[in-house]
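# Survey of secondary and tertiary structure
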Amino acid sequence: MSNDPPFEIPARPERRFTGNTLRYDGDVTFTLTATDPDDHPLEQTITRVLEEGPYRYGDWFDLPIPVWLVHDADRNDTFRVSISDGAVRLHVLPGTTGSGLEAFYGRLVDRTGTQWEIDRQVKV
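Everything quoted here is computed from the prediction, not taken from an experiment.

Definitions and limits used
Residues numbered from 1 in each chain as written. Predicted model: local features only at pLDDT ≥ 70, side-chain atom pairs only at ≥ 80, totals over all residues. Heavy atoms only, no water. Salt bridge = Lys/Arg side-chain N within 4 Å of Asp/Glu carboxyl O. Buried < 20%, exposed > 50% of the residue type's maximum accessible area, 1.4 Å probe, protein only. pLDDT = per-residue confidence, 0-100. Helix = DSSP H or I, 4+ residues; strand = E, 2+ residues; numbered from the N terminus. Phe/Tyr/Trp six-rings, centres within 6.5 Å; stacked < 30°, edge-to-face > 60°.

## Considering the pattern of salt bridges
- Counted under the stated rule, the structure contains 6 salt bridges.
- Put simply, R16 and D25 hold a salt bridge, and the shortest N to O gap is 2.9 Å.
- Residue R16 is classed as partly exposed on the basis of its relative accessible area of 33%.
- Residues joined by salt bridges that share partners form a network here, namely D72, D74, R75 and R107.

Structure representation (structure tokens):
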């Protein structure tokens with residue numbers, strides 16, 4: 001990720017409505033991988049971080065992976081969180097800020113007592 005701040009958002013997805021469908025053009029995702037992955041059951045860990053707040057969140061039960069829409073009430077920030085391939089993914093929405101993602105990461109570190117590798121993927 002070079003020397004950028006860990007949660008810098010270099011591009012933003014754009015919302016596009018087509019008929020009854022909402023689509024996003026572009027994607028910025030931060031993939032978080034625990035340095036000691038065997039110690040942290042991811043779905044339970046993320047659920048605990050969300051329950052401890054300051055989050056309002058919802059999940060979708062019919063998807064093949066856990067996905068939550070998360071709103072950080074302290075920062076008025078919204079983003080998606082998913083779990084896939086042994087990693088936590090933070091998905092940027094058009095109004096997401098880096099500070100909201102960084103706060104979530106900080107709570108994840110506090111909850112687990114471990115550092116997480118951060119990898120940013122940008123698709124325009």
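What follows picks up the thread again.
## Details of the confidence of the model for the protein
- Averaged over the protein, the pLDDT score is 90; the fraction of residues at 70 or greater is 95%.
- Element-level mean pLDDT values for the protein span from 88 in strand β2 (residues 21–25) up to 97 in strand β7 (residues 87–92).

## Regarding the environment of R56
- By the element assignment, R56 lies in strand β4 (residues 55–59).
- In the structure, R56 is positioned 49 residues away from Y105 in sequence and 16 Å away in space, judged by C-alpha atoms.

## Brief notes about the packing of aromatic side chains
- Summed over the entire model, instances satisfying the criterion amount to 4 aromatic pairs.
- Centroid distance F7 to Y105: 5.7 Å. Interplanar angle 50°. Geometry classified as tilted. Placement of F7 in the segment before β1 (14–18) and of Y105 in helix α2 (residues 98–112) is noted, with a sequence separation of 98 residues between them.
- Geometrically, the ring pair formed by F79 and F104 is edge-to-face, given 5.8 Å between the ring centres and 75° between the ring planes. Linking F79 in strand β6 (residues 77–84) with F104 in helix α2, this pair joins segments that are 25 residues apart in sequence. In this pair, the class of F79 matches that of F104, namely buried.
- These aromatic residues form a ring-pair network of at least three members: F7, F30 and Y105.

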